[in-house]
Amino acid sequence: MTNQPSADELRDWDRAHHIHPWVAMDAWRGYDLPVMAQADGIYLWDNQGRRYIDGPGGMWCVQIGYGRREMAEAIAEQVMRMPYNSPWSSTTEPAAILARKIADMTPGDLNNVHFTTGGSTAVDSAIRAMHFLNNRLGRPDKKIVIGRDKGYHGSTYMAASVTGKEREVSILDKAGDLVRFLPDVNPYIRPEGMSEAQWCDEKVGDLERLIEEVGADKIGAFIAEPILSSGGVIVPPKGYHKRTWELCRAHDILYISDEVVTGFGRLGHWFASEEVFGIVPDIITCAKGLTSGYLPLGACIISDSVMERMAGETPAMFSNGYTYSGHPVSCAAALKNIEIMEREKILEHVRDISPYFQSKLQELARFDIVGDVRGEGLLACVEGKPLEGKSTLAADKKFGALLDEACEKRGLLVRPLYHMAVFSPPLVITRDEIDTMFGILEEALEEVSQELDL
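These notes cover the structure that comes with them. (Residues numbered from 1 in each chain as written. Predicted model: local features only at pLDDT ≥ 70, side-chain atom pairs only at ≥ 80, totals over all residues. Heavy atoms only, no water.)

Some words on the sheet that holds strand 9 (residues 283-286)
Line of reasoning, step 1. Pairing within the open sheet is mixed, and its seven strands lie in the order 4-10-9-8-7-5-6. One side of each edge strand has no neighbouring strand; the edge strands of this open sheet are strand 4 (110-116) and strand 6 (179-182). Strand-to-strand, the axes of this sheet are offset by a mean angle of 20 degrees, without reference to chain direction.
Line of reasoning, step 2. Alignment of strand 7 (residues 219-224) against strand 8 (residues 254-258), held across four bridges, turns out to be parallel. Note on strand 8: the bridge partner recorded for Ile 223 is Ile 256.
Line of reasoning, step 3. Packed onto the sheet, helix 5 (residues 119-136) meets strand 4, strand 5 (144-148), strand 7, strand 8, strand 9 and strand 10 (298-303) and runs at close to 160 degrees relative to strand 9.
Line of reasoning, step 4. Here helix 10 (residues 304-311) sits on the sheet and contacts strand 4, strand 8 and strand 10; the angle it forms with strand 10, its principal contact strand, is near 80 degrees. (Pairing = 2+ DSSP bridges. Helix = DSSP H or I, 4+ residues; strand = E, 2+ residues; numbered from the N terminus. Axes fitted to C-alpha atoms, helices over the stretch in contact; angles between N-to-C directions. Contact = heavy atoms within 4.5 Å.)

Structure, rendered in structure tokens:
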């Protein structure tokens, strides 16, 4: 047996050979990332034995928590039975059962499931479905997608193109001719004296004006996260989703609800679109919580009405799919994940514990350094006030880095986003663990306040 590499060797190999997501190319070989070695429940341990609460829940995805032996057993059993199947020529029992299961969970007539490799490819598939539809209908110019500032939809070409999150200049190409963006919908930035209802009117007006400017005959889809998660857990004003959905219906614009984060329990329901926000989209995209992160899997779920229009009356092939579409092992993991969530009543637990979680979040607003706290379900964001009275990229990064460091040394991981810290812990988190988590956040904010002399 070969010797286990040391912690220093692992870091050296990682720096020398591993290109991480969203890496700063001028500095990537200097990264000093912790090496995580073990996980259980809501906790992670690094290879030095230090324990951390996983505040981000992996990447918004570890719904049932870590260390579930029955997940490992279900995955291993499927590996031995059939580890792979070509989705071009046949299907498998896990894929067929999971497709039916998801169709039962979705609102309205969203009964058609196109399996993908993750959230980004689910979004790309949704946009390609819109392109296909309008080509079938003889509307080749009706292809523009409306996205939103601070919206995040993925890293593949079309998903990145409809993402409006970046503050730093990106030199990656995008399909700019096919996308238009609406301004930030965050109620926190509304002018002083403006009510949230007035802000909602203004934000709906943004969409009305853009449709008029571009022309409904050019716009194929509107894509929206129910809550703009990576943009800072932005909860749009009450009524916004319903009114924008109605506008899309009136102009024959497909409404794509990106539930990659909010799907599978994050807000206490399988999907949030109808249960929380009162809309039935034309397409829903999902991933992350579908398998609780145990294996990669995504889905683009399309309504019957859209599928009927795509079918048309003449032969045409929807040439979209992936080598790992409907991967039997990933589907088996998703089925076991759903079984665990149903058996343990995890959705009910989220609905029951969310008010306490959100009340603890609101207590952090007492710090002078905090500009806003917001969230819904088990999603939360702490946003710092602009340093020195103004928001600059360097100053905002400083706040996020300081809060991240202060939390980490106390045993809590958060996800710093410039002047914000977001968190979405595993859905199995308990009341006592919530107390511990927010206790660390309070101590960390005290430290950052003193360091910045605020």
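There's more to say after this.
Focus on the packing of helix 13 (residues 393-408) against helix 14 (residues 431-451)
Line of reasoning, step 1. One way to put it is that helix 13 packs onto helix 14 with a least axis distance of 9 Å and a crossing angle of 130 degrees. The angle between helix 13 and helix 14 falls in the class oblique. The two elements helix 13 and helix 14 meet at a crossing, and its hand is right-handed. Where helix 13 abuts helix 14, its residues Phe 399, Leu 402, Leu 403, Ala 406 and Cys 407 lie against Ile 440, Leu 441, Ala 444, Leu 445, Glu 447, Val 448 and Glu 451.
Line of reasoning, step 2. Of the residues contributing to the contact of helix 13 with helix 14, the split by class is 10 nonpolar, no polar and two charged. (Parallel < 35°, antiparallel > 145°, perpendicular 65-115°, else oblique. Left-handed = near helix turned anticlockwise from the far one by under 90°. Nonpolar A, V, L, I, M, F, W, Y, C, P; charged D, E, K, R; others polar.)

A short note on the nonpolar core
Line of reasoning, step 1. Judged by nonpolar contacts, the single largest core of 66 residues is most densely connected at Leu 98, Phe 271, Leu 364 and Phe 423.
Line of reasoning, step 2. Of all the elements, helix 14 adds the most residues to this core, at eight residues.
Line of reasoning, step 3. Of all hydrophobic cores here, the second largest spans 23 residues; its members include Ile 144, Val 204, Ile 219 and Leu 228. (Core = buried A, V, L, I, M, F, W, Y, C linked by side-chain atoms within 4.5 Å. Buried < 20%, exposed > 50% of the residue type's maximum accessible area, 1.4 Å probe, protein only.)

Details of the pattern of salt bridges
Line of reasoning, step 1. With the rule as written, the count across this model stands at 30 salt bridges.
Line of reasoning, step 2. Across the pair Glu 342 and Lys 101 runs a salt bridge whose closest N-O atoms are separated by 3.2 Å. Taken as a pair, Glu 342 in helix 11 (residues 328-343) and Lys 101 in helix 4 (residues 93-105) lie far apart in primary sequence, 241 residues in all.
Line of reasoning, step 3. Residue classification places Glu 342 among the partly exposed positions, given a relative accessible area of 39%.
Line of reasoning, step 4. Here Glu 383 makes a salt bridge to Arg 374, at a shortest N to O gap of 2.7 Å.
Line of reasoning, step 5. We classify Arg 374 as buried; its relative accessible area is 8%.
Line of reasoning, step 6. Here the salt bridges share partners, and the residues they tie into one network are Arg 68, Glu 70, Lys 336, Glu 339, Arg 343 and Glu 344. (Salt bridge = Lys/Arg side-chain N within 4 Å of Asp/Glu carboxyl O.)

Examining the side chain of Asn 85
Line of reasoning, step 1. Its location among the elements puts Asn 85 in the loop between helix 3 (69-81) and helix 4.
Line of reasoning, step 2. Not counting the four nearest positions on each side in its chain, Asn 85 is found in contact with Ser 90, Thr 91, Thr 92 and Pro 328.

Observations concerning the pairing of strand 8
Line of reasoning, step 1. Most of strand 8 is tucked away, with five of its five residues classed as buried.
Line of reasoning, step 2. Handedness of the crossover is the feature at issue here: the chain leaves strand 7, passes through helix 8 (residues 240-250), returns alongside strand 8, and the resulting connection is right-handed.
Line of reasoning, step 3. Both strand 8 and strand 9 contribute to a ladder of three bridges, which runs parallel. Across the sheet, the residue bridging to Asp 258 is Thr 285, located in strand 9. (Right-handed = clockwise from strand over helix to strand, strands pointing away.)

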